[in-house]
Amino acid sequence: MATETKKRIFYFDELRALAIIFVVLCHACILFRPFRYETLTVSMPGIFYVLTHVAVPIFFMLSGALLLNRDYHGLSAFFKKRFSRILYPFLFWIPIAIIISLFILHNSYNDAFKTFFGINRWPWFVWTMMGIYLILPVINSFVREYGMKGCEYFMIIWFVTIILNTFNHYPFYQLELSYFARFIGYLVLGYWLANKTVNISDRNMILFGFLMFFASISIDFYIFMKDIPKIETKYLSLFVVLASIGLFLMFKRYSHYCDSNPESLLGRAHSKIENGIVGKAVLSLSVCSYGMYLVNSLLYKIIDKVFHVNQLRLLPILFIGVLILSWLLVYVLSKIPVLDKFSGAG
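What counts and what doesn't
- Residues numbered from 1 in each chain as written.
- Predicted model: local features only at pLDDT ≥ 70, side-chain atom pairs only at ≥ 80, totals over all residues.
- Heavy atoms only, no water.
- Helix = DSSP H or I, 4+ residues; strand = E, 2+ residues; numbered from the N terminus.
- Rg over C-alpha atoms; globule rule 2.2 N^0.38 Å.
- Buried < 20%, exposed > 50% of the residue type's maximum accessible area, 1.4 Å probe, protein only.
- Contact = heavy atoms within 4.5 Å.
- Areas by Shrake-Rupley, 256 points an atom, 1.4 Å probe, with all protein chains shown as cover.
- Lys, Arg positive; Asp, Glu negative; His and termini not counted.
- Charge placed at Lys NZ, Arg CZ, Asp CG, Glu CD.
- Core = buried A, V, L, I, M, F, W, Y, C linked by side-chain atoms within 4.5 Å.
- Salt bridge = Lys/Arg side-chain N within 4 Å of Asp/Glu carboxyl O.
- Phe/Tyr/Trp six-rings, centres within 6.5 Å; stacked < 30°, edge-to-face > 60°.
- Patch = residues over 30% accessible without salt bridge, like charges linked within 9 Å, V, L, I, M, F, W, Y side chains within 5 Å.
- Disulfide = S-S within 2.5 Å.
- Axes fitted to C-alpha atoms, helices over the stretch in contact; angles between N-to-C directions.
- Parallel < 35°, antiparallel > 145°, perpendicular 65-115°, else oblique.
- Nonpolar A, V, L, I, M, F, W, Y, C, P; charged D, E, K, R; others polar.

### What to know about the overall build of the protein chain
Then comes step 1: When you go through the protein chain residue by residue, the secondary structure sums to 12 helices and zero strands.
Then comes step 2: The C-alpha atoms of the protein chain give a radius of gyration of 20 Å, which matches the 20 Å a tight globule of 346 residues would have.
Then comes step 3: Taken over the C-alpha atoms alone, the protein chain extends approximately 55 × 55 × 50 Å along its principal axes.
Then comes step 4: Looking at the protein chain residue by residue over its 346 residues, the buried ones come to 47%.
Then comes step 5: A separation threshold of at least 6 residues defines the contact pool for the protein chain, and within that pool the share at least 24 residues apart is 78%.
Then comes step 6: Total accessible area on the protein chain stands at roughly 17800 Å², and carbon and sulfur atoms take up 67% of it.
Then comes step 7: Distance from the positive charge centre (31 side chains) to the negative charge centre (18 side chains) of the protein chain: 4 Å.

Structural data, given as structure tokens:
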């Protein structure tokens, strides 16, 4: 049975680092709306925007892989540990966001107040996670009781809700499936993918994952570009779910291949990466990811207000600058006593 203390899994950190990079890139692309699809260069913000749709699902999947099938020694211990992890940084950055909204962005008091509740604003993810944490002890008990078969039962129904949602048919009349719907399914999916053993070679599974990721993202992009009505293209789209599965499988099985073949060229290269400066950067990005999520949108809003960003050639500079600045800000705060628990690093 899983225990409370777990050794860090490097491919989890790799996925989380990639996810926060995608989030920062996504928010950079949003500044260049409405997206246009002409030349390849002009189309880049829209292409990157669709590509980064897998970031939020990956965060949820990693939460499931890490938080399910655990012994939390009671509800109070669970809520004290998990809610403080997301709540303290949220309560620290939200007043700052409201001040920025009022005095730098010159928004109305009504718009500034909406920031707290995540209405058309970045905190929606935090509120969603808090809701998931409320139900997580129930799902955790279910997974501990019924194991992988229970996960598969849950996911079958969840996939039904995803398919219905993708084609704008959810909810389906009076069929009550809300207990299985929306983002909670990603947690069960993440736990299942992380722990399911499939008798397929690592090479074939990596190829399968890549093809699933590429094909699903391509379909999602086509639908998004053509603006096909009544077909979902974001986080609760079947195509984003499949793309997220493909990405997760690629990282998992590549890591497994390198661990199983340490003397191979890829195995030696991956070991050097994991234990070298790149590995330390990946770990740091992973640890700082939640704080970076909270900070990067604020930085973009300030930059856009001051500099009126509208030139496409500034996209890579803007993205890299905000990525580094938000990373550095969270990292520095995490090293300051008292402020460390508000930084969002952990």
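On we go.
### What about the nonpolar core?
Nonpolar side chains in soluble globular proteins tend to end up buried together.
Then comes step 1: Phe-60, Leu-136, Tyr-186, Leu-189 and Phe-248 are the most contacted members of the largest nonpolar core, which totals 100 residues.
Then comes step 2: Broken down by element, the residue count for this core peaks at 15 residues, all from helix H6 (residues 124–166).
Then comes step 3: For Phe-60, the contacting residues outside a window of four places in its chain are Phe-125, Thr-128, Met-129, Ile-132, Phe-183, Tyr-186 and Leu-187.

### Things to note about the environment of Leu-333
Then comes step 1: Relative to the assigned elements, Leu-333 resides in helix H12 (residues 315–334).
Then comes step 2: Accessibility expressed as a relative area gives 11% for Leu-333, which makes it buried.
Then comes step 3: Each C-alpha atom, one on Leu-333 and one on Val-241, is 34 Å from the other, the two residues being 92 residues apart in sequence.
Then comes step 4: Leaving out residues up to four positions away in the same chain, Leu-333 has contacts with Phe-92, Trp-93, Leu-339, Asp-340 and Ser-343.

### A word on the pattern of salt bridges
Then comes step 1: Under the defined criterion, the tally for this structure stands at five salt bridges.
Then comes step 2: For Arg-36, the salt bridge goes to Glu-38, with nearest N and O atoms at 3.2 Å.
Then comes step 3: By relative accessible area, Arg-36 is classed as partly exposed at 46%.
Then comes step 4: Here Glu-38 falls in the exposed class, since its relative accessible area comes to 55%.
Then comes step 5: Through salt bridges with shared partners, a single network forms among Arg-8, Asp-13 and Arg-16.

### Section: the packing of aromatic side chains
Then comes step 1: Tallied over the full model, the rule gives 31 aromatic pairs.
Then comes step 2: With centroids separated by 6.4 Å and ring planes inclined at 50°, the aromatic side chains of Phe-12 and Phe-248 adopt a geometry described as tilted. On the criterion of sequence distance, the pair formed by Phe-12 in helix H1 (residues 10–30) and Phe-248 in helix H9 (residues 238–260) is long-range, its members being 236 residues apart. As far as burial versus exposure is concerned, Phe-12 and Phe-248 are alike and both buried.
Then comes step 3: Both rings, one in Phe-59 and one in Phe-125, keep their centres 6.0 Å apart while their planes meet at 55°; by these two values the pair is tilted. Here the residue Phe-59 occupies a position in helix H3 (residues 55–67), and Phe-125 occupies one in helix H6, the gap between them amounting to 66 residues.

### What about a nonpolar patch on the surface?
Then comes step 1: On the surface, Leu-207, Phe-210, Leu-211 and Phe-214 cluster together into a nonpolar patch covering about 410 Å² of accessible area.
Then comes step 2: With respect to the helices, strands and loops of the structure, Leu-211 is situated in helix H8 (residues 202–226).
Then comes step 3: In this structure Leu-211 comes out as partly exposed when scored by relative accessible area, which is 48%.

### Some points on the state of the cysteines
Then comes step 1: Tallying each qualifying case throughout the model produces zero disulfides.
Then comes step 2: Cys-26 forms no disulfide, and the closest cysteine sulfur to it belongs to Cys-29, at a distance of 6.7 Å.
Then comes step 3: Exposure remark for Cys-26: the relative accessible area of 9% places this residue in the buried category.

### With respect to the packing of helix H4 (residues 75–103) against helix H11 (residues 277–307)
Then comes step 1: It is at 10 Å that the axes of H4 and H11 come closest, and there the two elements cross at 10°. The angle between H4 and H11 falls in the class roughly parallel. Residues Arg-85, Ile-86, Pro-89, Phe-90, Trp-93, Ala-97 and Ile-100 of H4 form the contact with H11, whose own contacting residues are Tyr-290, Leu-294, Val-295, Leu-298 and Ile-302.
Then comes step 2: Here the contact of H4 with H11 is built from residues that sort into 11 nonpolar, no polar and one charged.

### What to know about unusual backbone geometry
Then comes step 1: Residues Arg-33 and Pro-34 are joined by a peptide bond in cis, for which omega reads -5°.
Then comes step 2: Structurally, the position occupied by Pro-34 is in the loop between H1 and helix H2 (40–51).
Then comes step 3: Phi is positive for Asn-69, which is not a glycine, with a value near 60°.
Then comes step 4: On the secondary structure map, Asn-69 appears in the loop between H3 and H4.
Then comes step 5: Exposure remark for Asn-69: the relative accessible area of 12% places this residue in the buried category.
Then comes step 6: Although it is not a glycine, His-308 adopts a positive phi angle of roughly 50°.
Then comes step 7: Inspection of the secondary structure assignment puts His-308 in the loop between H11 and H12.

### Notes on the side chain of Ser-101
Then comes step 1: The residue Ser-101 is located in helix H4 in this model.
Then comes step 2: Residue classification places Ser-101 among the buried positions, given a relative accessible area of 3%.
Then comes step 3: Filtering out sequence-adjacent residues up to four positions away, Ser-101 remains in contact with His-106, Asn-107, Ala-112 and Thr-115.

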